[in-house]
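Residue-level listing of the chains:
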Amino acid sequence: MSDHLQPLLRVLEGAPADEQVRLVRRAYEVAARWHDGQFRRDGSPYITHPVAVAVILAELRMDHELLCAALLHDVLPDTACPPEELAAEFGSVIIGLLRGLERLDDDRCRPPDWATSMDERVLTLKLADRLHNQRTIRGLPEARQRVNSRENLEVVAPVAARLGLRQVEEELRRLALANLSGLGGAHVSFGVVAAGAILLPPVARARWVEEWLGELLALPGGRARSRFAFRLLAGMPRMALTLRRHEALPRGAPPAVRLLRWVVRSDLRAWALLAPLLGWLVLDAAADRLADAVVIAITVPPVLTAAIHTIRARLGDGDERE
């Protein structure tokens, strides 16, 4: 058995019955035979992709039929394997999952309400496929990276949330955001905006950051993105106060809140914590473009100062400082 299968076998160890493991092994053998000589864009053997998809599903404790479908999911569309051969060896359930995935991937056959109407097992298979492709997206052209990452943010991640696959949803969002923030020259402006968004309530922060990222990527150049980021930063304290207006600090605040109050009551203490972050942002930007580093050095400190004052007021200390 090839070393490519070992990551999956380690996850499966001691889980399903021997007969189920045998079928998973057989699915790997068939997939490896039909994908022999095929490679991914990074030069790795193509079989590593279906194995990685199967590993994701195994870690989610999916059944052996879904694992077999993961190993075989690119055999029908990407090789000359006769469908009858797979159906005869693996049965109607697994071939049904593969047919469902084919339908999901075909724009002409996919129903408009696919995210809610299609078999949840097929959707789960597709989510695992998308997650691994997002993990390895750097091999694609930049334009394709942008399209795929935005689709994963706006369409695919919400499907994972609906199915209760929070781990998949969170990783998809994190990877897609990280990828998009480095595309189109928008990574510095996005870094500044994301740093300022720390003022916003955590519940609302992710949604606003995603929306701002989409607007940044749509802007035509660095100057327009810098102006957009500056306007956002200037209005961030007021927006944060608006979003937090109906919240109140609970009585008997926990130690973390008391520690935060102690930190922000002193500008010196607050800046002792924030200065390393600011320095990292400036140095990271300077490595690519000195002008971006200057923009960060000029615009971020006032925003962070406003953040300190906002948190201080929020915690009931007004503008009093030690």
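For the structure itself, consult the block above.
What this report covers is the structure whose coordinates are included nearby.

Thresholds, definitions, all that
Residues numbered from 1 in each chain as written. Predicted model: local features only at pLDDT ≥ 70, side-chain atom pairs only at ≥ 80, totals over all residues. Heavy atoms only, no water. Helix = DSSP H or I, 4+ residues; strand = E, 2+ residues; numbered from the N terminus. Buried < 20%, exposed > 50% of the residue type's maximum accessible area, 1.4 Å probe, protein only. Contact = heavy atoms within 4.5 Å. Areas by Shrake-Rupley, 256 points an atom, 1.4 Å probe, with all protein chains shown as cover. Axes fitted to C-alpha atoms, helices over the stretch in contact; angles between N-to-C directions. Parallel < 35°, antiparallel > 145°, perpendicular 65-115°, else oblique. Left-handed = near helix turned anticlockwise from the far one by under 90°. Core = buried A, V, L, I, M, F, W, Y, C linked by side-chain atoms within 4.5 Å.

Moving on to the overall build of the protein chain. For the protein chain, the count of helices and strands is 16 helices and 0 strands. Out of the 322 residues belonging to the protein chain, those deemed buried represent 45%. For the protein chain, long-range pairs separated by at least 24 residues make up 66% of all intrachain contacts whose partners lie at least 6 apart in sequence. Accessible surface for the protein chain amounts to roughly 17,000 Å². Of this, 56% is attributable to carbon and sulfur atoms.

We now examine the packing of helix α8 (residues 120-135) against helix α9 (residues 142-162). Orientation of α8 relative to α9, taken along the N-to-C sense of each, is 140°, at an axis distance of 11 Å. Judged by the angle between their axes, α8 and α9 are oblique. Crossing of α8 over α9 shows left-handed handedness. Across the interface between the two elements, Glu 120, Leu 123, Leu 127, Arg 130 and Gln 134 from α8 touch Asn 148, Ser 149, Glu 151, Asn 152, Val 156, Val 159, Ala 160 and Arg 162 from α9.

Once that is clear, we can look at the nonpolar core. Formed by 53 residues in total, the largest nonpolar core has its most connected members in Leu 8, Leu 72, Leu 86 and Leu 127. At 8 residues, the largest contribution of residues to this core is made by helix α6 (residues 83-105). Filtering out sequence-adjacent residues up to four positions away, Leu 86 remains in contact with Val 30, Leu 72, Val 75, Leu 76, Cys 81, Gly 91, Ile 95 and Leu 98. The next biggest cluster of nonpolar side chains, apart from the first, holds 22 residues, and it includes Leu 199, Trp 212, Met 239 and Ala 240.

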